[in-house]
Amino acid sequence: VHPVESGGGLVQAGGSLRLTCAASGRTFSTYAWGWFRQAPGKEREFVAAISWGSNTDYADSVKGRFTISRDNAKNTVYLQMDSLKPEDTAVYYCAVAPVFGRRREYEYNEWGQGTQVTVSS
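Below is a summary of the structure that appears in this document. Treat the numbers as computed from the prediction; the structure is a model and nothing was measured.

### As for the state of the cysteines
Under the defined criterion, the tally for this structure stands at one disulfide. Covalent S-S linkage joins cysteine 21 and cysteine 94, the inter-sulfur distance amounting to 2.1 Å. Judged by the sign of its S-S torsion, about -85 degrees, the cystine formed by cysteine 21 and cysteine 94 is left-handed. Of this pair, cysteine 21 sits in strand E3 (residues 17–24) while cysteine 94 is found in strand E9 (residues 90–97), placing the two residues 73 residues apart along the sequence.

### As for the packing of aromatic side chains
The final tally for this structure, using the stated rule, is five aromatic pairs. With centroids separated by 5.7 Å and ring planes inclined at 80 degrees, the aromatic side chains of phenylalanine 36 and phenylalanine 46 adopt a geometry described as edge-to-face. Taken together, the residues span a long stretch of sequence, with phenylalanine 36 in strand E4 (residues 32–38) and phenylalanine 46 in strand E5 (residues 45–50) at a distance of 10 residues. One aromatic cluster in this structure is built from Phe36, Phe46, Tyr93, Tyr108 and Trp111. Cation over ring: arginine 44 sits above tyrosine 93, and NZ or CZ is 4.5 Å from the ring centre. Positioned over the ring face of tryptophan 111 is arginine 44, at 4.0 Å from the centre of the ring.

### Focus on the environment of glutamine 116
Tracing the backbone shows glutamine 116 in strand E11 (residues 115–120). You can call glutamine 116 partly exposed: its relative accessible area is 39%. Separated by 21 residues in sequence, glutamine 116 and alanine 95 have C-alpha atoms that sit 15 Å apart. If near-sequence neighbours (up to four positions away) are discounted, glutamine 116 is found in contact with Gly8, Gly9, Thr89, Ala90 and Val91. For glutamine 116, the side chain forms a polar contact with the main-chain oxygen of alanine 90, separated by 3.4 Å.

### Details of the environment of glycine 7
As for its placement among the helices and strands, glycine 7 is situated in the loop between strand E1 (2–6) and strand E2 (9–12). Considered as a pair, glycine 7 and leucine 19 are 12 residues apart in the sequence and their alpha carbons are 4.5 Å apart.

### Points about the nonpolar core
Formed by 34 residues in total, the largest nonpolar core has its most connected members in Trp33, Trp35, Leu79, Met81 and Tyr92. Here the element with the most residues in this core is E9; it accounts for six residues. Excluding its chain neighbours within four sequence positions, the residues that come into contact with methionine 81 are Gly15, Ser16, Leu17, Leu19, Arg65, Phe66, Tyr92 and Val117.

### Considerations on the pattern of salt bridges
One pass over the full model with this rule turns up seven salt bridges. Note that aspartate 88 is salt-bridged to arginine 37, the shortest N-O span being 2.9 Å. Residue aspartate 88 is found in the loop between strand E8 (76–81) and E9, and its partner arginine 37 is found in strand E4; the two are separated by 51 residues along the sequence. Looking at aspartate 88, the relative accessible area reads 0%, which means it is buried. The salt bridge partner of glutamate 105 is arginine 44, with a shortest N-O separation of 2.9 Å. On the criterion of sequence distance, the pair formed by glutamate 105 in the loop between E9 and strand E10 (110–111) and arginine 44 in the loop between E4 and E5 is long-range, its members being 61 residues apart. Residue glutamate 105 is classed as partly exposed on the basis of its relative accessible area, which comes to 34%.

Criteria and thresholds
Residues numbered from 1 in each chain as written. Predicted model: local features only at pLDDT ≥ 70, side-chain atom pairs only at ≥ 80, totals over all residues. Heavy atoms only, no water. Disulfide = S-S within 2.5 Å. Helix = DSSP H or I, 4+ residues; strand = E, 2+ residues; numbered from the N terminus. Phe/Tyr/Trp six-rings, centres within 6.5 Å; stacked < 30°, edge-to-face > 60°. Lys NZ or Arg CZ within 6 Å of the ring centre and 35° of its normal. Buried < 20%, exposed > 50% of the residue type's maximum accessible area, 1.4 Å probe, protein only. Contact = heavy atoms within 4.5 Å. Polar contact = N/O pair within 3.5 Å; in protein donor to acceptor, adjacent residues only side chain to side chain. Core = buried A, V, L, I, M, F, W, Y, C linked by side-chain atoms within 4.5 Å. Salt bridge = Lys/Arg side-chain N within 4 Å of Asp/Glu carboxyl O.

Quick look at the structure:
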């Protein structure tokens, strides 16, 4: 499974963006998917995850503002980001895990190249 992210860009604080992660592979629907982000000078951190059955998990910093979803028919995972803050500025990565409920980088097997999100104040 090979994830490819898109949808990043520049937005003002309070605005919204939707990130898309498109993946190839016939077993897309059986994996759990996650979004991570890495801000300049910081370690990559967990943002959200979704199971094959659409159970979800969110970092406290984005809970209530971000929504992760998936469309198995389109082999696509989305991250809807609302009420964006300058501290959300980062490169956002999509990744695949064999099991849902994982929040650590090493628990994810395949990674996309990332997409830049910049939130201006």
